[in-house]
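# Architecture at a glance
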Amino acid sequence: MAARPDGKETSDDHRKPGRTPMAPTPPFNRQELDAALRTVRQAVPPTPQYRWPLLAERYGCEVWVKHENHTPTGAFKVRGGLTYLEQLAEEGLPPGLVTATRGNHGQSIPFAAARYGVPVTVVVPEGNSTDKNRAMRGWGAEVLTHGRDFDEARAFANELAGERGLALVPSFHPALVRGVATYALELFTTVQHLDTVYVPIGMGSGICAVIGVRDLLGLDTEVVGVTAAGAPAYAESFRAGQPRPQPQARTFADGVACRDPDAGALKIILAGAARVLAVTDAEIAEAMRVLFTDTHNVAEGAGAAALAGLAQEQAKQRGKRVAVILCGGNVDTAVFAAVLQGAAGGPGSPA
């Protein structure tokens, strides 16, 4: 059953984990994945996956955490930035790049582009994470603020591309997925016989990467996507079987604050995901606290969403071997402090 943001469930029996008759062409083949791994390894060593005993005690199952918060930019996106720039270099580098982000994608592109001397402009929405903005500037990006949310920032980035003659870097692209898939390859080749992997969904590169590697390796592992209840675009689209843009995306977990799902990503998710959950900000905040107390790792909201998904399905996973993707740890100090003090989603949120 697929969980809806309103807490109800809808049948998804026609979507079997793994390959279906309607499955699209996989987002990459093994040769492409191996090439991506060589590119990523030039700058990013393998991140660890640890089996945490206190999480097992808490949830009643064997819990592995894939620590993408341990990359040079503190998030998984850096892998995709490296492979995207590698492809651009092969095709011919543009004079400059522009992209939109809530933070982690906006660090990955200047991190990778600096290797080629290509300038990067990043558009963020109003009220974006101050710490992420500082980090993007630290990697050399020009950071511009425009729009009320990510989707409005993305539209402005598209305009800037035309006005300034820059190449627009999308948030979802096959080259990005190939790079991100290297973390899934590390996980699946290190931890055997995983029953389920929980993956947060922002624009979809993370979950599509996990699905792609799972299928390439011929595994039966369920892949479960996790969205925020206040940003249910992918959950609603999965339930409907087609894109369902939402009027707003309201969640303190900025990495999953999407209201307009990518059609290409959704096609892969529909074919390869077992279900897509929606977790509340309070559930995400609790998962952030649990990750800190049980593993002493800092997780941003999106980074804790996968664990919140496991917590929601604790009874279903009892006695099984499960992995959660801690996709990033880039959270503002004030937000994290408020969460640790019991807030349901950052400063000003109710305890």
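So, a few notes on the structure that sits alongside this text. These figures come from a predicted structure and were not determined experimentally.

A few words now on the overall build of the protein. Assigned secondary structure in the protein consists of 14 helices and twelve strands. For the protein, whose C-alpha radius of gyration is 19 Å, the value lies close to the compact-globule estimate of 20 Å for 351 residues. Dimensions of the protein along its principal axes, counting C-alpha atoms only, are 55 × 50 × 35 Å. In the protein, buried positions account for 59% of the 351 residues. At a minimum sequence separation of 6, the contacts of the protein that also span at least 24 residues come to 73%.

Okay, the nonpolar core next. Within the largest apolar cluster, 91 residues are counted, with the highest numbers of intra-cluster contacts made by Val197, Tyr198, Ile207, Ile269, Ile284, Leu307 and Leu310. With eight residues, helix 7 (residues 174–190) is the largest single contributor of residues to this core. Beyond its immediate sequence surroundings of up to four residues, leucine 310 is in contact with Tyr59, Cys61, Val63, Tyr198, Gln317, Val322 and Val324. Val40, Phe111, Ala112 and Ala113 belong to the second-largest nonpolar core, a separate cluster that totals 22 residues.

Time to look at helix 1 (residues 30–41). With twelve residues, helix 1 extends 16 Å between its outermost C-alpha atoms, agreeing within 8% with the 16 Å of an ideal straight helix rising 1.5 Å per residue. Inspection of helix 1 places Leu33, Ala36, Thr39 and Val40 among the buried residues, and these make up the whole buried set. In an axial view of helix 1, the angular spread of the buried residues amounts to 120°, which keeps them on one side of the axis. Exposed side of helix 1, more than 90 degrees from the buried face: Gln31 and Arg38 are the residues found there. Those residues of helix 1 that are buried are in contact with helix 3 (77–91), helix 7 and helix 8 (205–216). The backbone nitrogen of glutamine 31 lies 3.1 Å from a side-chain oxygen of the residue at the head of helix 1, namely asparagine 29.

Among the secondary structure elements, lysine 132 is positioned in helix 5 (residues 130–138). Beyond its immediate chain neighbours, meaning those up to four positions away, lysine 132 contacts Arg102, Gly103, Asn104, Gln107, Asp254, Glu300, Asn330 and Asp332.

Time to look at the environment of histidine 70. Residue position: histidine 70 is located in the loop between strand 4 (62–67) and helix 3. You can call histidine 70 partly exposed: its relative accessible area is 39%. As for histidine 70 and serine 237, which are separated by 167 residues in sequence, their C-alpha atoms are 31 Å apart.

So, on to the pattern of salt bridges. Taken as a whole, this structure holds 20 salt bridges when the rule is applied. A salt bridge links arginine 58 to aspartate 294; the shortest N-O distance between them is 2.8 Å. Of this pair, arginine 58 sits in helix 2 (residues 53–59) while aspartate 294 sits in helix 11 (residues 281–295); the two residues are 236 residues apart in sequence, bridging distant segments of the chain. Residue class for arginine 58 comes out partly exposed when judged on its relative accessible area of 36%. Judged by relative accessible area, which is 11%, aspartate 294 ranks as buried. Between glutamate 152 and arginine 148 there is a salt bridge, with its nearest N and O atoms 2.3 Å apart.

Before going further, it helps to examine the pairing of strand 11 (residues 275–279). Counting buried residues along strand 11, five of its five residues qualify, which places the element largely inside the surrounding structure. Of the two faces of strand 11, the one lined by Arg275, Leu277 and Val279 and the one lined by Val276 and Ala278 are each fully buried. One ladder, built from five bridges, connects strand 10 (residues 222–228) with strand 11; its direction is parallel. Opposite valine 224, over in strand 11, you have arginine 275 as the bridge partner.

Attention now goes to the environment of glycine 345. Among the secondary structure elements, glycine 345 is positioned in the segment after helix 14 (333–340). Judged by its relative accessible area of 9%, glycine 345 is buried. Between the C-alpha atoms of glycine 345 and leucine 310, which are 35 residues apart in sequence, the distance is 19 Å. Apart from the residues lying within four places of it in its own chain, the contact partners of glycine 345 are Phe252 and Ala285.

Let's shift gears to the packing of helix 11 against helix 12 (residues 301–312). In the contact formed by helix 11 and helix 12, the axes pass within 7 Å of each other and the chain directions differ by 100°. As far as their axial angle goes, helix 12 and helix 11 are roughly perpendicular. Along its contact with helix 11, which presents Glu283, Ile284, Ala287, Met288, Val290 and Leu291, the element helix 12 presents Gly301, Gly303, Ala304, Ala305, Leu307, Ala308 and Gln312. Here the residues of the contact of helix 11 with helix 12 sort into nine nonpolar, three polar and one charged.

Below, the discussion takes up the packing of aromatic side chains. For the structure on display, the rule yields four aromatic pairs. Here phenylalanine 76 and tyrosine 183 contribute two aromatic rings whose centre-to-centre distance is 6.1 Å and whose plane-to-plane angle is 90°, an arrangement assigned as edge-to-face. Note that phenylalanine 76 is positioned in the loop between strand 4 and helix 3 and tyrosine 183 in helix 7, a separation of 107 residues in sequence. The pair formed by phenylalanine 76 and tyrosine 183 is uniform in burial state, with each residue classed as buried.

Ordered by their spatial adjacency, six strands build an open sheet running 3-4-12-9-10-11, and the pairing between neighbours is mixed. On the outer flanks of this sheet lie strand 3 (49–51) and strand 11, each paired with one strand and no other. Taking the axes of each pair of neighbouring strands and ignoring which way they run, one obtains an average angle of 25° across the sheet. Pairing analysis gives six bridges linking strand 4 to strand 12 (residues 321–326), with the strands arranged parallel. Bridging across to strand 12, valine 65 finds its partner in valine 324.

Rules used throughout
- Residues numbered from 1 in each chain as written.
- Predicted model: local features only at pLDDT ≥ 70, side-chain atom pairs only at ≥ 80, totals over all residues.
- Heavy atoms only, no water.
- Helix = DSSP H or I, 4+ residues; strand = E, 2+ residues; numbered from the N terminus.
- Rg over C-alpha atoms; globule rule 2.2 N^0.38 Å.
- Buried < 20%, exposed > 50% of the residue type's maximum accessible area, 1.4 Å probe, protein only.
- Contact = heavy atoms within 4.5 Å.
- Core = buried A, V, L, I, M, F, W, Y, C linked by side-chain atoms within 4.5 Å.
- Expected span 1.5 Å × (residues − 1).
- Arc of directions from axis to C-beta.
- Polar contact = N/O pair within 3.5 Å; in protein donor to acceptor, adjacent residues only side chain to side chain.
- Salt bridge = Lys/Arg side-chain N within 4 Å of Asp/Glu carboxyl O.
- Pairing = 2+ DSSP bridges.
- Axes fitted to C-alpha atoms, helices over the stretch in contact; angles between N-to-C directions.
- Parallel < 35°, antiparallel > 145°, perpendicular 65-115°, else oblique.
- Nonpolar A, V, L, I, M, F, W, Y, C, P; charged D, E, K, R; others polar.
- Phe/Tyr/Trp six-rings, centres within 6.5 Å; stacked < 30°, edge-to-face > 60°.

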